[in-house]
Amino acid sequence: MALTVLAGKHPDQQGKCKLSRCFDPGRLAFCRDLSNALLRHPKAREHPELVALGFWLRDSHLRQLQQKSGTDSPGLVRRPLGLVLHFAPANVDTLFVYSWVCSLLMGNSNVVRLSSQASVVTGLLLDVLNELFSRPEHTGLAEQNSFVNFPHDDPAASSLSLQAHARVIWGGDDAVQAIRRLPCGPRCRDIPFTDRYSAAVINGDGLDSSNLQSLAERLWRDVHTYSQMACSSPRILFWLGSTLHREALWSAVGDLAGGEAWEMARLNEHLVVSQWLEAAGASEAPAQLGQFSVLPLSGFFPEALKNHPGQGLCYLCEIDELTDVTILDDRCQTLGYWGVEREQLLNVLETAPIRGLERIVPIGSALEFSPWWDGMDLFAHLSCFTVVQ
Amino acid sequence: MSETASGNRELFDRDLEALWSADPYVLSQADKQALIMPLLSWLDRHHRSACPEYERVARLGFDSPVASRLEDLPYLAVRLFKLLSLKSVDDSEIFKTLQSSGTTGQSPARVFLDRRTSQLQSRGLVKILQGSLGKARLPMLIVDSPAVLRDRKLYTARGAGIQGLSFFGRDHTYALDEAMQPNWEAIEGFMDKYAGQPVLVFGFTYMVWLHLILPLEAEGRVLKLDQGTLLHSGGWKKLEDQKVGHDEFMQRAQHSLGVQRVTNFYGMAEQVGSVFVECERGHLHAPVFADVVVRNPSDLTPSPVGEAGLLQVLSVLPLSYPGHSLLTEDLGTLLGEDDCACGRKGRYFQILGRMPRAEVRGCSDTHQGGL
């Protein structure tokens, strides 16, 4: 087996039968230390995703999550599941930490298979983890967590998969299906995170010169993180109501985008997608290709969302009513909103027969990870319940 | 085709005919532009009226329908030929469909040719290459496998290139076998027959490198084609990956093949016929019926001489498909106009290789970044 250990113990040497309680104080303490280490890391400023992770791991936030997870039902005892095998995504560097921490807090032992395309951020994270695991108070955790790498076709994949009680699988649709075909035990649970896209809806009626900059900043935060290639970044903007300040909004976002160091190929990618959609008759108004590119669509085209080039381009689709957002298909994960009442959105969800749309969040927080992701409750999926009557 | 466009067709044909009569490199850029701008503008109108996809892109993406400079003409991103079927003729008039090999994971580009466009392409190629190779047909060693031409259904750009160039040679000898290994018997036979005579060796740059130069070096052999010319074309991407530059390729080709002249040209499946040949100074030259514009990759505005950017290629030959003005994904630098030391007039430039594609980022690890 060509398995390399990057942090923690070798999977074969993991301490058996040493599961913790859910929300075990020792594990919460580890998360606190991890949070501090990330927030104080000398390179943290260069990598805002590390800071975001550090904030997410704050004790107060984790306690909030614990409360929301609702385990205090009498007669219902939440217990760990066992060994959880994680397949981390290749390019969204910090994502694997979030789902790993959810599993950690449920008391499980973990093996995390990282992509072989190690990035700078992954390297920094592994350094931090190794340092924490070497501390005497965390040796117990080091024995139950392995961060490893092995080739896709390595026998390690099958042998670990057979031992796992749950598999957390990040990847494209094909990769996820390939991993799910690996042999596993009859009671093994799969938690697949596949290709998704996201959208946002803006009601222009509420937009004026006093709040325009704030919306531009929130929108930009959602768009530019991970070069807009994360599933939760909006690719299509639905526009309701007045278009009076719309151009001003685009130029405010463009100003924010001006400082971004994009890839050289970026604008050509935008040109290819805009000409492709124009030629195909999917766009009937000129595209604005620039620091922030806006490409008007004359309807909903699933192909346009699948072939989105990222790097600061949004499709624009005008709608007459909020319920029109339900033309999105079940691949849509997150809907950001601005200028729209939360109650209206709840109303749409209750009345429209839609699939997908598993997160509806204010614009500006699309990338904030939560244990309720892709329609799943990670805490529930990564633990089991015993009923005591 | 609309009434007016076809009415102007005769004018187009007459002006195009005038281009053939001149040497491809004698006109100054100003004189040349005055000749080809009306032709390119006519092609713009022709494709707007005959190809609805082109019409929509040109109308939505480009300001003015009347262009006075090369730089103002609409252009299509060359990748569109991989994504769409773009043609300006009825299906019944399609004479052959050219298909690029296409990189893994992408559909190949398709270029639809009617008889007239195909003829213009051959004529263009002859016009340009006769200048470098002379009018006599030379014994020709083709650095490829005969299998590449065998599959008639799949008319690949590689096959088309070989077929187009075959016109300049006789006694066509394939240097490689079906397994892309040197066919030593054929090569030696060719050498014995034509030692000391002018010959033409043609192949795609990477094929010549990988399947002829490297095997020759590995076997310690040299060919003695000292009166030969090696004509090669095609991407440098794979050679760049192996850290082989232009000069090194040339030196090692000269040594292994024994040839004195090594001539590179730049061209693409989407504009067969209008090729840009390298001069003695190592510069690529635009012939009279084609031209280049370099654009800044960050805003697509035209770049001045000396500034690297994305290469746009223009050609008056594509009638059956909207390929007269294409934005390539190759990086190049315009080196000057009318003042190359070789004496050729018009624009000259150099190619710097493919523009690096954006790094794929996303929650998925197999998704190859869309289109």
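Residues numbered from 1 in each chain as written. Chains lettered and ligands numbered in written order. Predicted model: local features only at pLDDT ≥ 70, side-chain atom pairs only at ≥ 80, totals over all residues.

### Notes on the overall build of chain A
Broken down by element type, chain A carries 14 helices and 16 strands. A compact globule built from 389 residues would reach a C-alpha radius of gyration of about 21 Å, and chain A, at 22 Å, matches this within 12%. If one aligns the C-alpha atoms of chain A with their principal axes, the spans along those axes are about 65 × 50 × 40 Å. For chain A, the proportion of its 389 residues judged to be buried stands at 44%. Within chain A, residue pairs in contact and separated by at least 24 positions form 75% of the contacts whose partners lie at least 6 positions apart. (Helix = DSSP H or I, 4+ residues; strand = E, 2+ residues; numbered from the N terminus. Rg over C-alpha atoms; globule rule 2.2 N^0.38 Å. Buried ≥ 20, exposed ≤ 12 C-beta atoms within 10 Å, placed from the backbone. Contact = placed C-beta atoms within 7 Å.)

### A closer look at the interface of chain A and chain B
The interface is formed by 42 residues belonging to chain A together with 32 residues belonging to chain B. Elements supplying a minimum of two residues to the side of chain A that touches chain B: α8 (173-180) and α11 (266-279) of chain A. Sorting elements by how many residues they give to the side of chain A that touches chain B places α11 of chain A first, with 12 residues. Classifying every residue of the side of chain A that touches chain B gives 23 nonpolar, 13 polar and six charged. (Nonpolar A, V, L, I, M, F, W, Y, C, P; charged D, E, K, R; others polar.)

### Examining the pairing of strand β3 (residues 110-114) of chain B
Residues and elements named next belong to chain B. With respect to burial, β3 is a largely interior element, five of its five residues being buried. Burial of the side chains of β3 extends over both faces: R110, F112 and D114 are buried on one face and V111 and L113 on the other. Taken together, the five bridges between strand β2 (residues 94-99) and β3 define a ladder with antiparallel strand orientation. Across the sheet, residue Q99 finds its bridge partner in β3, namely R110. (Pairing = 2+ DSSP bridges.)

### Details of the environment of I363 of chain A
Residue and element names in this part refer to chain A. Residue position: I363 is located in the loop between β13 (359-362) and β14 (372-373). On the basis of neighbour count, I363 is assigned to the buried category, with 25 C-beta atoms found within 10 Å. Remark: the alpha-carbon pair of I363 and R221, spanning 142 residues in sequence, is separated by 8.6 Å. Not counting chain neighbours up to four residues away, the residues in contact with I363 comprise A200, L215, R218, L219, D222, G336, Y337 and W338.

### A look at the sheet that holds strand β7 (residues 189-193) of chain A
All names here are of chain A. The six strands lie next to each other as β1-β5-β4-β3-β6-β7, forming an open sheet whose pairing is mixed. Both outer strands of the open sheet, β1 (4-8) and β7, are each paired with one neighbouring strand and no more. Neighbour-to-neighbour, the strand axes of the sheet open up by a mean angle of 20°, direction not taken into account. Pairing analysis gives five bridges linking strand β3 (residues 83-87) to strand β4 (residues 109-113), with the strands arranged parallel. Of the residues in β4, the one forming a bridge with L85 is V111. (Axes fitted to C-alpha atoms, helices over the stretch in contact; angles between N-to-C directions.)

### A word on the domain arrangement of chain A
All names here are of chain A. One can read the domain layout of chain A as domain 1 (4-195 + 374-387) and domain 2 (197-362). Centre-to-centre, using C-alpha coordinates, domain 1 lies 32 Å away from domain 2. Listed by partner, the interface residues are five residues for domain 1 and six residues for domain 2. Here the side of domain 1 that touches domain 2 is composed, by residue class, of one nonpolar, two polar and two charged. (Domains from an automatic or database assignment.)

### Side note on unusual backbone geometry
Residues and elements named next belong to chain B. Residues other than glycine seldom take positive phi values, yet L300 does so here, at roughly 65°. Looking at where L300 falls in the secondary structure, it is placed in the loop between β11 (290-295) and β12 (308-315). A count of 18 C-beta atoms within 10 Å places L300 in the partly exposed class. At D338, a residue that is not glycine, the phi angle is positive and equals roughly 65°. Relative to the helices and strands, D338 is located in the loop between β13 (325-337) and β14 (347-354).

### Here's the deal with helix α2 (residues 48-56) of chain A
One full turn of an α-helix is made of 3.6 residues, so residues set three or four places apart face in the same direction. All names here are of chain A. Inspection of α2 places E49, L50, L53, G54 and W56 among the buried residues, and these make up the whole buried set. Each buried residue of α2 lies within a common arc of 160° when the element is viewed along its axis, so the set occupies one face. For α2, the secondary structure elements touched by its buried residues are α1 (25-39), α3 (59-68), α4 (95-105) and α5 (120-133). (Arc of directions from axis to C-beta.)

### A short note on the pairing of strand β4 (residues 138-142) of chain B
Residues and elements named next belong to chain B. Within β4, four of the five residues are buried, which leaves the element mostly enclosed by the surrounding structure. Strand direction decides the pairing type here: β4 and strand β5 (residues 169-174), joined by four bridges, are parallel. Paired with I142 across the two strands is Y174, which belongs to β5. Summarising the sheet, β4 and strand β6 (residues 199-204) pair through three bridges and their orientation is parallel. When the sheet's bridge partners are listed, M140 is paired in β6 with L200.

### Comments concerning helix α10 (residues 246-257) of chain A
Residue and element names in this part refer to chain A. Between its terminal C-alpha atoms α10 stretches 16 Å, which fits the 16 Å expected from 12 residues at 1.5 Å a residue. For α10, the set of buried residues is L249, W250, A252 and V253. Down the axis of α10, the sector holding all buried residues measures 160°, keeping them to one side. On its buried side, α10 packs onto α9 (212-224) and β10 (293-296). (Expected span 1.5 Å × (residues − 1).)

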